[in-house]
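Per-entry structural report
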Amino acid sequence: MSVSLKCQYGLRALFELARRTGNGPTRIQEIAEAQAIPPRFLENILNQLRRGGFVESRRGKAGGFVLARPAGQITALDVIRFLDGPVHPFDCEGESPVRKCSLGPDCVFMPLWQRARQALENVYGNTTLQDLLDAQTANIPDFSI
């Protein structure tokens, strides 16, 4: 499973809003420029994130988007699951696999695939937008949570 480009853009947009917390609403164009996201694509993503309760939109001349909850309460896993669905590193594993395992219950690889999924969920689930902000502030290129 790879994180879709749409989801990557969504995470980057949320990160940008987290960076700007306390500065009022941020316009789509500002987010797009800061995070190198096509504005038309970003508009759709932000509207979806609004419906998911991640952001709020404000209308008017000083309008734009803000985070709907603190950066420390939004995990990468929340966003990935919302935009891309369940984490499945392998399409034959998980609660609702994309395809049935051709080896059935005797598949020796299934425990490995399950551990890989759990590891991904742990990393994504234990990384908040605040963690990413803190890592950027501390200039940590590759951090462990």
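Predicted, not measured: the structure shown is a model, and the values here were computed from it.

Remarks on the packing of aromatic side chains
- According to the stated counting rule, one finds 3 aromatic pairs in the structure shown.
- With centroids separated by 5.5 Å and ring planes inclined at 80°, the aromatic side chains of Tyr-9 and Phe-41 adopt a geometry described as edge-to-face. Of this pair, Tyr-9 sits in helix α1 (residues 5–19) while Phe-41 sits in helix α3 (residues 39–51); the two residues are 32 residues apart in sequence, bridging distant segments of the chain.
- For Tyr-9, a relative accessible area of 11% corresponds to the buried category.
- By relative accessible area, Phe-41 is classed as partly exposed at 33%.

Some details on the nonpolar core
- If you look at the biggest cluster of nonpolar residues, it comprises 29 residues, and the most contacted ones within it are Leu-14, Leu-46, Leu-49, Val-55, Leu-67, Val-79 and Leu-129.
- For this core, the secondary-structure elements that each account for two or more residues are α1, α2 (28–35), α3, β2 (64–67), α4 (76–84) and α6 (129–137).
- In terms of residue count, α1 provides more of this core than any other element does, 7 residues in total.
- Filtering out sequence-adjacent residues up to four positions away, Val-55 remains in contact with Leu-14, Leu-17, Leu-46, Leu-49, Arg-50, Phe-65, Val-66, Leu-67 and Ala-68.

Digging into a nonpolar patch on the surface
- A contiguous nonpolar surface patch, about 290 Å² in accessible area, is contributed by Val-108, Phe-109 and Leu-112.
- When you line up the elements, Val-108 lands in the loop between α4 and α5 (110–125).
- A relative accessible area of 65% means that Val-108 is categorised as exposed.

Regarding the pairing of strand β1 (residues 55–58)
- Sheet topology places β1 next to β2; 4 bridges connect them, and they run antiparallel. Residue pairing in the sheet places Val-55 in a bridge with Leu-67 of β2.
- The hairpin formed by β1 and β2 contains 5 residues between the paired strands, and Gly-60 there has a positive phi angle of roughly 100°.

Regarding the environment of Gly-10
- With respect to the secondary-structure elements, Gly-10 resides in helix α1.
- Not counting the four nearest positions on each side in its chain, Gly-10 is found in contact with Ile-45, Leu-49 and Leu-83.

Rules of the game
- Residues numbered from 1 in each chain as written.
- Predicted model: local features only at pLDDT ≥ 70, side-chain atom pairs only at ≥ 80, totals over all residues.
- Heavy atoms only, no water.
- Phe/Tyr/Trp six-rings, centres within 6.5 Å; stacked < 30°, edge-to-face > 60°.
- Helix = DSSP H or I, 4+ residues; strand = E, 2+ residues; numbered from the N terminus.
- Buried < 20%, exposed > 50% of the residue type's maximum accessible area, 1.4 Å probe, protein only.
- Core = buried A, V, L, I, M, F, W, Y, C linked by side-chain atoms within 4.5 Å.
- Contact = heavy atoms within 4.5 Å.
- Patch = residues over 30% accessible without salt bridge, like charges linked within 9 Å, V, L, I, M, F, W, Y side chains within 5 Å.
- Areas by Shrake-Rupley, 256 points an atom, 1.4 Å probe, with all protein chains shown as cover.
- Salt bridge = Lys/Arg side-chain N within 4 Å of Asp/Glu carboxyl O.
- Pairing = 2+ DSSP bridges.

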